[in-house]
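Letter by letter, the chains look like this.
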Amino acid sequence: METSLQDLLPPYSRTQAIYTSRLILRPFQWTDLESLYRLRTAPEVMQWTSQVQTDSSIQQTREWMQRYMDDTETPRRNFNFIVTLRADKDNHPDELQPNSFSDDNSAIIGVCGLTSLDSLPVSPLPSFGYMFLPETWGKGYATEAVLGFQKEWKRLIDLGHQTHSIPLGSRHDLYDIRAVTLEANLPSASVLRKCGWSVYEAVEINGEKLLRWVLDRSVSSDLSTS
Ligand SMILES: CC(C)(COP(=O)(O)OP(=O)(O)OC[C@H]1O[C@@H](n2cnc3c(N)ncnc32)[C@H](O)[C@@H]1OP(=O)(O)O)[C@@H](O)C(=O)NCCC(=O)NCCS
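As recorded in an unreviewed UniProt entry, the protein chain goes by GNAT domain-containing protein and comes from Penicillium frequentans.

This is the structure we're talking about:
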């Protein structure tokens, strides 16, 4: 039987945090609800997402979160993370204090990861995405989070190749992931390019110009994860 991504990924409750020099990417928690509601009701964020509209209620944000926290889901269908600033690095901007309601005492700045382990019907490849609070833009956080995710992804897939004896470079390479941006989203395109992605297709759907991206599988990050 062919090994699938689901065989290689830990379940939600056993997913480990990813550390970069300024950030922590960790699994979703219910205490994140208020911060995520703030993120998903920012029009300047949501206009670039597939939903386009802001969430209309905190219940909608709760339902969106639920899909990334389901431990009973088999097979696992996503690998998505909350991004926080490392409290130990004293790098909170003045306007972004640690969330008083969060038990890890870190400020949530965004979300980054695989929202789905396939992009069917468009593609069998996992679908990657991210969004960050506007007050944190332009500080390199998205680039750092994406590189941190990619490093962990490569580690997990390489481990899977070893433990399941899958030859590297086999036809079905589990490392491949894809992303979609609106052509007008120049900051997002800049982040992906910096992280080793390239456009494989430009399409127009319902009058919207989209770019489809794939991560070059030879890319490996040299970012510190300590
Ligand atoms: C896209 C987004 C994640 C970037 O976050 P960020 O933390 O500001 O990203 P970084 O600081 O790591 O990098 C941003 C890059 O975009 C560049 N940039 C910003 N505005 C730009 C513009 N108008 N034109 C071209 N490049 C631009 C920055 O210069 C930087 O590149 P550089 O380091 O080469 O100078 C953030 O703007 C966001 O959350 N946007 C809304 C949601 C979204 O678009 N998600 C992605 C959907 S595909």
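J.: Lay out the pattern of salt bridges with the relevant residues and their values.
T.: As a working rule, side chains carrying opposite charge can pair if their charged atoms are close by. Per the stated rule, a full pass over the model turns up 7 salt bridges. Aspartate 55 serves as the salt-bridge partner of arginine 40, at 2.9 Å between the closest nitrogen and oxygen. Of the two residues, arginine 40 is situated in helix α2 (residues 33-40) and aspartate 55 in the loop between α3 (43-46) and α4 (58-66); the sequence distance between them amounts to 15 residues. Overall, the relative accessible area of 4% leaves arginine 40 in the buried class.

J.: Can you tell me about the site of the ligand, naming the residues and giving the values?
T.: Among the 21 residues in the neighbourhood of the ligand, the closest are listed as Gly138, Gly140, Thr143, Asn185 and Lys194. The separation between an oxygen atom of the ligand and a polar main-chain atom of phenylalanine 132 is 2.8 Å. Here an oxygen atom of the ligand and a side-chain polar atom of lysine 194 are 2.6 Å apart. Taking 970 Å² as the accessible area of the ligand by itself, protein coverage stands at 70%. In a pocket analysis with a 2 Å cut-off to the grid points, the ligand is assigned to the largest pocket. Put simply, the parts of the chain that give the shell around the ligand at least two residues each are β5 (127-132), α5 (141-163), β6 (178-182) and α6 (186-194). Sort the elements by how many residues they give to the shell around the ligand and α6 lands first, with 6 residues. Each residue belonging to the shell around the ligand can be placed in one class, and the counts come to 12 nonpolar, 7 polar and 2 charged.

Reading the values: the criteria
Residues numbered from 1 in each chain as written. Predicted model: local features only at pLDDT ≥ 70, side-chain atom pairs only at ≥ 80, totals over all residues. Heavy atoms only, no water. Salt bridge = Lys/Arg side-chain N within 4 Å of Asp/Glu carboxyl O. Helix = DSSP H or I, 4+ residues; strand = E, 2+ residues; numbered from the N terminus. Buried < 20%, exposed > 50% of the residue type's maximum accessible area, 1.4 Å probe, protein only. Near = heavy atom within 4 Å. Polar contact = N/O pair within 3.5 Å; in protein donor to acceptor, adjacent residues only side chain to side chain. Areas by Shrake-Rupley, 256 points an atom, 1.4 Å probe, with all protein chains shown as cover. 1 Å grid on protein atoms, 1.4 Å probe; cavity = no way out; pocket = protein on both sides within 12 Å on 5 of 7 lines; lining within 4 Å. Sits in = over half its atoms within 2 Å of the grid points. Nonpolar A, V, L, I, M, F, W, Y, C, P; charged D, E, K, R; others polar.

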